[in-house]
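Results of the structural survey
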Amino acid sequence: MNQKIMPFLLCFILVCSTVSLVSSTIEPKSLTATTTDIISMIQQVNHSVVYDFHDTLMGFGPRYTGSDNCSAAAQWIEDEFQAMGLDTNVHAWEYNGFSSQNIVATLPGVDPDSTAEILMTAHYDCTPGSLGADDDGSGVAAVMAAASIMNGYSFNHTIKFIAFSGEEVGTYGSFCYARDAYANGDNIYAVINLDMIGWANSTKGGQFLRFHCPDRSWWIGGQAQDIAEFYHEYTNLSVETRPNYVGADHQPFIDYGFDGVWIAHHDGHPWANSPEDTPEHLNWTYQVKATKALLAIVAEFASQPISIQVMFTSPEEARLYLFDIPLFPLHLGKQWYKGLRGTTVILGRTTVTVNVLTEKPIDRVIYCIDGNFIVSRSQ
């Protein structure tokens, strides 16, 4: 059920970095409903399946965005996704003097009432002179291994396996994708972004994955902790939640009003973004465990029913408004490090509209700015 609620807010100048808020909760559900399938998926993850994808990616050499090596790697990723039987497309992008491709493989959900998408992402580009074995060949190998296994199963919600380029030059590939997905009205429920998941050199580090969560997406970390705990005997890995980091590929989605997290290993990797980021500086036992745990987490997110979603539909992200009139876009993609990307500026009085997706009766919707109560509206 799609219900619209529209209050009026009086603003002299309102600047919001995330106008389009998506709020979600998952209905309580016993994980045992999909345990058999997910355990089977976990058990199919092994050193060989992850290593083979990683080894082939390393064969392309340094993959700086826009280089021939980067383009060749993109073509290989596209070919591999297609060979898996996944609906695969190339999201071409140009920004700030760079042009490249994001490779998107889609596993459609089977629930006809769900438009929700879970994105499992990593970036295949790297810095000049680096093989990017950990940053982020480790994430790409995990995404591709998970896709090859999960493609044999059905899930309520759509899963998109995405390999981004442009991360090392300003998260431009993911920015362009998030910008376009927002414009297209995609219902992105959660972005699970894998970036540096192949290293551990301490006892504690070998036992934890770190989920770096923006304020609005702590619920993803909490759900992931519960799922990891449930499947711990099959993965031997737990989830630790940490504050957000804006320099990874989940952040553009946050800037456009979606939910997402950056996931990385616990221990520091001193060779990142250097010629020493090579396969010899990976911990393959940890890499395989991380792939298993993240597959289970994505599988559960894609299986569990979603009880409610609340999405702002107006004013739109990344626009300058005079009252309710949009004047021109304000994408500010090059200002990500200042927290300005996706900012909306409103001059005067405006109307805020939200869509509430739920089958349950709505008592009221409460509007806040920066966590502070503004007004509530009942049905």
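Okay, so let's go over this structure. On a predicted model such as this, the values are computed, not experimentally measured, just so you know.

Quick look at the environment of His 47 now. Structurally, His 47 is set in helix α2 (residues 47-58). Given the relative accessible area of 40%, His 47 is considered partly exposed. As for His 47 and Val 288, which are separated by 241 residues in sequence, their C-alpha atoms are 6.1 Å apart. Setting aside anything within four residues of it in sequence, one finds His 47 in contact with Trp 284 and Val 288.

The subject of this paragraph is the pattern of salt bridges. Under the counting rule described, the total for this entry stands at seven salt bridges. Between Glu 240 and Arg 210 there is a salt bridge, with the nearest N and O atoms lying 2.8 Å from each other. Of the two residues, Glu 240 is situated in strand β10 (residues 238-243) and Arg 210 in strand β9 (residues 208-213); the sequence distance between them amounts to 30 residues. You can call Glu 240 buried: its relative accessible area is 16%.

Next up on the list: the packing of α2 against helix α3 (residues 68-83). Across the interface, α2 lies against α3 with an axial gap of 10 Å and an inter-helix angle of 150°. Between α2 and α3, the crossing angle belongs to the class labelled roughly antiparallel. The hand of the α2/α3 crossing is right-handed. Counted together, Phe 53, Thr 56 and Leu 57 of α2 and Ala 73, Trp 76 and Glu 80 of α3 form the full contact between these two elements. For the contact of α2 with α3, the per-class residue count stands at four nonpolar, one polar and one charged.

Turning next to the environment of Asp 259. Mapping Asp 259 onto the fold places it in the loop between α8 (251-255) and β11 (260-265). Take Asp 259: its relative accessible area is 0%, and that puts it in the buried class. Counting along the chain gives 179 residues from Asp 259 to Glu 80, while the straight-line C-alpha distance between them is 28 Å. Of note is the side chain of Asp 259, whose polar atom sits 2.9 Å from the side chain of Arg 216.

Here is what the cut-offs are and how they apply
Residues numbered from 1 in each chain as written. Predicted model: local features only at pLDDT ≥ 70, side-chain atom pairs only at ≥ 80, totals over all residues. Heavy atoms only, no water. Helix = DSSP H or I, 4+ residues; strand = E, 2+ residues; numbered from the N terminus. Buried < 20%, exposed > 50% of the residue type's maximum accessible area, 1.4 Å probe, protein only. Contact = heavy atoms within 4.5 Å. Salt bridge = Lys/Arg side-chain N within 4 Å of Asp/Glu carboxyl O. Axes fitted to C-alpha atoms, helices over the stretch in contact; angles between N-to-C directions. Parallel < 35°, antiparallel > 145°, perpendicular 65-115°, else oblique. Left-handed = near helix turned anticlockwise from the far one by under 90°. Nonpolar A, V, L, I, M, F, W, Y, C, P; charged D, E, K, R; others polar. Polar contact = N/O pair within 3.5 Å; in protein donor to acceptor, adjacent residues only side chain to side chain.

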